[in-house]
Amino acid sequence: MILMSSRVFRRLSLKRKAAIFVSVILVLMVSSATSVYWEVQKNAHNAHHISMIGKQRMWVDYMAGLIPDALEGDKDAKEQLRKVLYKFEDAMHILENGGYEGEDYIYPVSPELQEYVASLRTLWDLAKADLIRVLDPEYSWDSFFGDYQAWQGYEPGQYYLAQTEMLVEHIEALSRAEQDQTINAMNNVIRVIFLNLGLGLLVLALASYAFRKGILDPLSELEGTTRKITREGDLSIKIPKIDNRDEIGSLARSFDTMTTIFSNLLVKIELLNEAAGSINASLNPEEVLENLHVILNRELVIEEMFIILPSREREEVLAGFPVNRRPVAGPYHILPLRVGEKIIAHWYIGLGKSDGEMASSILEPIADYLALSVNNTLLYRSVESAYVDNLRSLAAAIDAKDYYTHYHSSNVSRYSGIIARKMGFTDSFVGRVEAAGLLHDIGKIAIPESILNKKGSLNEHERYLMQQHPVKGAEIINKTPVLADLKAGLLYHHERWDGKGYPEGLIGEQIPLEARIIGLADALDAMTSDRPYKKGKSVKEAIEDLESNSGAQFSPKVVRAAVIALKDGDLIIDQNI
């Protein structure tokens, strides 16, 4: 049947073949337009969802800000809180079931995202119930809301405030998922367009050649093979032997040669891209070599690799694979790692049974990426070393100005890191909190020693100057880019949860998290340290003091983490140093 169809097709006139080619192109165009239309429609709904989710994110913080005034009986605040609550609930309904927003009907989120919405709904229902308590404190939930135990023990509004971060996390997770869907939809549009464009151009090229040469059989063989390659994506497929000595035969042989070259080139490009990605993904040279070994061994046989730094005394092994192995006599394939004209290291590759010419063509381009990675590693280590030295020098300068608070900065840094780690934060955040804790009093460099070491009470002017040290500290580090991300911890560590702190009188969640942690660590060291005018408190007394000031001076979450760390023995107080 296939043979019959092939023979019939070969007997068709060029006009009929042209008609077939045109029909195929039209089908591709219609298919592409239809696919693009539906993907664009999906994107429009995703855009509405993303906009709606963005509003929900804004409303969460807005409602949190209205709660204190609403609890004090402010009618405008209550009315605003009620309106925003209804808006949030309407948005949830549209995301779950679809509905109208103005004159536009919005479909619900896709089934893949329903679990995000369901999770947000569960959290929102509890938070919404607490907001209703704020609007109507006398409302009884015993017979209406079955799972009210979640916020029992909280004052009205406090459960919502405690769950604000969780609400934001769920909303942002849903937003990211919607954005991912939008990106996937756009990628589908691009793929459809380019795929159909490529197929259309291929059909046109084959038709033009057929008309130009008028040779059907050889062209049919060439067309069949190119379609097979397009369909299967296998460049190793060869055109069946064509004995023609004319342009058609030459084209067939050249096509085979080209696909072989392209096949080898694509392998090298894919290998290079993957190797470059693995190199750029890490500043750890041992990890980079381990990843390269896995990738390169798909085409080469590599037994070991080393990165050797040049030295006048003796060469230093920056990294090796396998780990901890040192290079022996060889033989090695050695490539210089250059940045500009300077050789910063050498890459030793122990090749097994590999084609040396092929190995060079693969390894030499990778050496350029590896050179940049090694240079970045060396720069990072240099900056990191200088950064740590500067932090220690600055902290020592701070403590040296105030005799009675010697070691205070290092204690605050250590306490802050332990508390942040107890709260479950990442190593990056913990490191930032520790660094900010070490420098939290750097602004005292600008305060006269007569005020810092004054034994009696400070007068009003002296107290004002002393309270400027967080501002001075923030100004100092803000001029140093590598320290700029520590600014919030320094500037706000004397703010209080109840808004009675300084320099700006921030309240509650307005205070950056690192500043809340450092503020508590600062107070903890002060209350447990001996001074000429008082003896430091015991750990038990310090815990009682922290708990009694929870929700007033300190963040309740930070207090809970600090108390647990003290009781578990993770946070050990350095007294009488």
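Calculation criteria
- Residues numbered from 1 in each chain as written.
- Predicted model: local features only at pLDDT ≥ 70, side-chain atom pairs only at ≥ 80, totals over all residues.
- Heavy atoms only, no water.
- Axes fitted to C-alpha atoms, helices over the stretch in contact; angles between N-to-C directions.
- Helix = DSSP H or I, 4+ residues; strand = E, 2+ residues; numbered from the N terminus.
- Parallel < 35°, antiparallel > 145°, perpendicular 65-115°, else oblique.
- Left-handed = near helix turned anticlockwise from the far one by under 90°.
- Contact = heavy atoms within 4.5 Å.
- Nonpolar A, V, L, I, M, F, W, Y, C, P; charged D, E, K, R; others polar.
- Pairing = 2+ DSSP bridges.
- Core = buried A, V, L, I, M, F, W, Y, C linked by side-chain atoms within 4.5 Å.
- Buried < 20%, exposed > 50% of the residue type's maximum accessible area, 1.4 Å probe, protein only.
- Patch = residues over 30% accessible without salt bridge, like charges linked within 9 Å, V, L, I, M, F, W, Y side chains within 5 Å.
- Areas by Shrake-Rupley, 256 points an atom, 1.4 Å probe, with all protein chains shown as cover.
- Salt bridge = Lys/Arg side-chain N within 4 Å of Asp/Glu carboxyl O.
- Lys, Arg positive; Asp, Glu negative; His and termini not counted.
- Charge placed at Lys NZ, Arg CZ, Asp CG, Glu CD.

Engineer: Could you give me a rundown of the packing of helix H17 (residues 513-528) against helix H18 (residues 539-548), with the residues and numbers involved?
Structural biologist: Relative to each other, H17 and H18 sit at 140°, their axes nearing to 10 Å. On the basis of the axis angle, H17 is oblique to H18. Of the two elements, H17 crosses H18, and the hand of that crossing is right-handed. Between H17 and H18, the contacting residues are Leu520, Leu524, Met527 and Thr528 on the first element and Ala542, Asp545 and Leu546 on the second. When grouped by side-chain class, the residues that make up the contact of H17 with H18 number five nonpolar, one polar and one charged.

Engineer: Describe the pairing of strand E6 (residues 342-351), and please don't skip the residues or the numbers.
Structural biologist: Relative to E6, strand E3 (residues 302-309) runs antiparallel, the two being bridged by six bridges. Residue pairing for E6: isoleucine 308 is matched across the bridge by histidine 346. Across seven bridges, the pairing between strand E5 (residues 333-339) and E6 is antiparallel. What sits directly across from histidine 333, in E6, is isoleucine 349. Linking E5 to E6, which pair antiparallel, is a turn of two residues; within it glycine 340 sits at a positive phi near 70°.

Engineer: Describe the nonpolar core, and please don't skip the residues or the numbers.
Structural biologist: In terms of nonpolar packing, the biggest core is built from 37 residues, with Ile419, Leu486, Ile517, Leu520, Leu524, Leu546 and Leu571 touching the most fellow members. Listing elements by their share of this core, those giving two or more residues are helix H11 (408-422), helix H12 (427-438), H17, H18 and helix H19 (556-568). In this view, leucine 524 contacts Tyr415, Ala542, Leu546, Leu566, Leu571 and Ile573; residues no more than four positions away in its chain are not counted. Within the second largest apolar cluster, 35 residues are counted, among which are Trp59, Val60, Phe88 and Leu123.

Engineer: An account of the packing of H18 against H19 is needed here, citing residue identities and associated values.
Structural biologist: Contact geometry for H18 and H19: axes closest at 10 Å, N-to-C directions at 165°. In terms of axis orientation, H18 runs roughly antiparallel to H19. Crossing of H18 against H19: the hand is left-handed. Residues Val539, Ile543, Leu546 and Glu547 of H18 form the contact with H19, whose participating residues are Val559, Ala562, Val563, Leu566 and Lys567.

Engineer: I'd like a description of a negative patch on the surface, backed by residues and values.
Structural biologist: On the surface, Asp69, Glu72, Asp74 and Asp76 cluster together to form a negatively charged patch. Residue position: glutamate 72 is located in the loop between helix H2 (14-71) and helix H3 (75-97). With a relative accessible area of 70%, glutamate 72 lands in the exposed category.

Engineer: Help me get a handle on the side chain of aspartate 441, residues and values and all.
Structural biologist: Mapped onto the elements, aspartate 441 comes out in the loop between H12 and helix H13 (449-452). The exposure class of aspartate 441 is buried, given its relative accessible area of 3%.

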